[in-house]
Amino acid sequence: MPDGCLRCKQRRIKCDETLPACNQCTRKRFECPGYKRPLKWSSKYEVGKSDNISTATKPSEQVRQTTDPIQSLRPNLVESTVSDGTTRFLSVQTDVQPPQNETAAGSDPVLIFAANSAPSNDIWTPLTLVCTDCGDPWTSTILAQRTLSTPRHDDTALLRHYFSTVCPVNSCFDSHKNFFRVEVGSLISSRPLIHYCVLSMSAAHLTARQRDMATITLQHRTNALSCLKSRIAKGFMTHQTTNGSPLDDVAEILLGSILLGMTEGWHDPTQLGIIHLRGARTLFQKWITNVPECCPRTRTIITGIMSYWEAVASFVHNQSLDSISYLVPFSLETRHIYVNPWTGICTPLFIHLAHVGILTRQRSLARQMSASLWGNIGPDMLEQARATENALRSYRILSTDQIEDTVDSRTPIDHLQRVARVYRLVGLLQLYMAFPELHGDHSVDISLEHSIMSMATNVLTTIGVLPPTSGVYCLLTIPLIIAGSALQLPCFSLEVPTSTLQQDAYLFWRNFVRERIKTVQEIVGLVAIGRAQTILDKVWLLADMRRAAEEPGQNWEYIQWTEVMSSEKLESIFG
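Residues numbered from 1 in each chain as written. Predicted model: local features only at pLDDT ≥ 70, side-chain atom pairs only at ≥ 80, totals over all residues. Heavy atoms only, no water.

1. Concerning the UniProt feature "domain: Zn(2)-C6 fungal-type" (unreviewed entry) in the chain
UniProt records the feature "domain: Zn(2)-C6 fungal-type" (unreviewed entry) for residues 4-32 in the present numbering. Helix makes up 38% of residues 4-32 and strand 0%, with an end-to-end C-alpha separation of 10 Å. (UniProt positions renumbered as here; feature names shortened; annotations may be inferred. Helix = DSSP H or I, 4+ residues; strand = E, 2+ residues; numbered from the N terminus.)

In structure tokens form, the structure reads like this:
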């Protein structure tokens, strides 16, 4: 039983042991360190054998992990005794979310440590874990450090919020195969950088509904940035990958850059995280050339994460195609697909979409520099656009038997296949709106406007089939913006009934887009997503005004949502 908090013991006064903080500390406005509890090992959660850990299992033994529903977040505490006889207390987080209260069968064994109490002296405790790719054991060193092992009560709540809420909305599926739940979660207690990144993400996500979180959010983000700066200053050794772990020093800094950069807009929607993106490019290229070939899952997942980041960032700032050339070798699909939390089953499509975003902004920039360039762009830009179009047209979605199961009934494989079709269509749709010349390359008797409207409605119809309970909704903001921006009625028909039907059809789909963007914002819980609707409202207003001013039969020029976004200063990372 608890016998008082550490601060009361040091002050030699009686502690009332009130939760979450004792009254003695509260009255003095001290931070109550909590209560130490005697705990025992639970062999159920052991992964491998270590010389410094008692009652460990063999390295080759695979322990299946029983999961609880996402709402029941009860950490299981275990006691670790190291060689010097000192006892350490670790919390094994087992809140892997099964699909709709199902038990995840055949889950990859992994230890996800949430910090608890520990002595003041720093002790390095090596643990033998199992690589989720190849099954080989590798050594991970856990630091039982006061800054990580004695968190305040609000830190514990933030970790709970990360596993219960952030993980499901930060991935298109959620199960024991969710990279952000398992692999990232396993680094929380051993890597201070990842620890503070997770706390920062969780606090920023809570800020939307708890305004008093601003100070805590800033504090954790500052700590995360300080850790990132310190890790970069100390450098890293790539030879550490030889121990079989794909998550080495370089990977830690890369993941920290990704988490900080992609969530910078969670703190402030105007921030784009471009500096972190540039650093992550260098780190990724360094890591991918040294990570063991026997870890294909980790390689493909982090590659997909970088591809998604490049895709959503390509629409918000100007850059050259050379900036993402490092991803071109990964644009060819493999025979077996590992489901990615950010790209689903179509990582190559996100690489192509990044090309589309860059080319769209390049064309807009050329238009602003010289009006004549809009009608007669350089051959290089048009050829690059044509190459991207061919890549999108030739992309084929693999069959179900070639795709890894998500183990999440909310997001079955057919949902991911539909999302892949959506991204293929929106890539072509955005390309044709920015480069209408490409439409003339195909011998069709259909007008550009009719073709674009047909593609936009196909995209929105596919999205409409997906239930709001599906995890893929976190990936739908960009498709909704692109398809919504295509809802620009060039001109009304001369026949009154036909003209009315045209207007009604456009109004129907515009309202559909509004409803779906609102649904995405409610699910994901980020303020930045609301900017998407503001952009589309402005696009639709400008398009309607232009249509009213122009004569029937004039060449229709689509208003680019990226230009409206820039002019209204609404740039944000919509992800």
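Once you've had a look at it, read on.
2. Regarding the side chain of Gln 560
Within the fold, Gln 560 resides in the loop between α19 (530-549) and α20 (561-567). Among the polar contacts made by the side chain of Gln 560, one reaches the side chain of Gln 430 at a distance of 3.3 Å. Among the polar contacts made by the side chain of Gln 560, one reaches the main-chain carbonyl oxygen of Met 433 at a distance of 3.0 Å. Those residues in contact with Gln 560 that sit more than four places away from it in its chain are Thr 360, Ser 364, Gln 430, Met 433 and Ala 434. (Polar contact = N/O pair within 3.5 Å; in protein donor to acceptor, adjacent residues only side chain to side chain. Contact = heavy atoms within 4.5 Å.)

3. Notes on the pattern of salt bridges
Taken as a whole and judged by the stated rule, the model has 20 salt bridges. Of the charged contacts in the structure, one is a salt bridge between Arg 191 and Glu 252, with a shortest N-O distance of 3.0 Å. Here Arg 191 is found in the loop between α5 (183-186) and α6 (192-207), whereas its partner Glu 252 is found in helix α8 (residues 249-262), with 61 residues between them in sequence. Residues Arg 191 and Glu 252 agree in their burial class; the two are buried. For Arg 281, the salt bridge identified is with Glu 310, shortest N-O distance 2.7 Å. Separated by 29 residues along the polypeptide, Arg 281 in helix α10 (residues 274-288) and Glu 310 in helix α11 (residues 296-313) bring together distant segments of the chain. Overall, the relative accessible area of 11% leaves Arg 281 in the buried class. (Salt bridge = Lys/Arg side-chain N within 4 Å of Asp/Glu carboxyl O. Buried < 20%, exposed > 50% of the residue type's maximum accessible area, 1.4 Å probe, protein only.)

4. Considerations on helix α7 (residues 214-234)
Taking 1.5 Å of rise per residue, the 21 residues of α7 would be expected to cover 30 Å, and the 30 Å separating its terminal C-alpha atoms lies within 8% of that figure. Within α7, burial applies to Ile 216, Thr 217, His 220, Arg 221, Ala 224, Cys 227, Leu 228 and Arg 231. Viewed end-on, α7 has its buried residues packed into an arc of 125 degrees, placing them on one side of the element. For α7, exposure combined with an orientation more than 90 degrees from the buried face picks out Thr 215, Leu 218, Lys 229 and Ala 233. (Expected span 1.5 Å × (residues − 1). Arc of directions from axis to C-beta.)

5. Examining the environment of Gln 368
With respect to the helices, strands and loops of the structure, Gln 368 is situated in helix α12 (residues 347-369). Sequence spacing of Gln 368 and Glu 563 is 195 residues, and the spatial spacing of their C-alpha atoms is 10.0 Å.

6. Let's talk about the packing of aromatic side chains
Following the criterion strictly, the structure yields 12 aromatic pairs and no others. Judged by centre distance (5.9 Å) and plane angle (70 degrees), the ring pair of Phe 284 and Phe 330 falls under edge-to-face. Of the two residues, Phe 284 sits in helix α10 while Phe 330 sits in the loop between α11 and α12, which places them 46 residues apart along the sequence. Overall, Phe 330 belongs to the partly exposed group, its relative accessible area being 25%. Summarising the aromatic geometry, the rings of Tyr 308 and Phe 350 are spaced 5.6 Å apart at their centres and angled 50 degrees between planes, so their arrangement reads as tilted. Here the residue Tyr 308 occupies a position in helix α11, and Phe 350 occupies one in helix α12, the gap between them amounting to 42 residues. (Phe/Tyr/Trp six-rings, centres within 6.5 Å; stacked < 30°, edge-to-face > 60°.)

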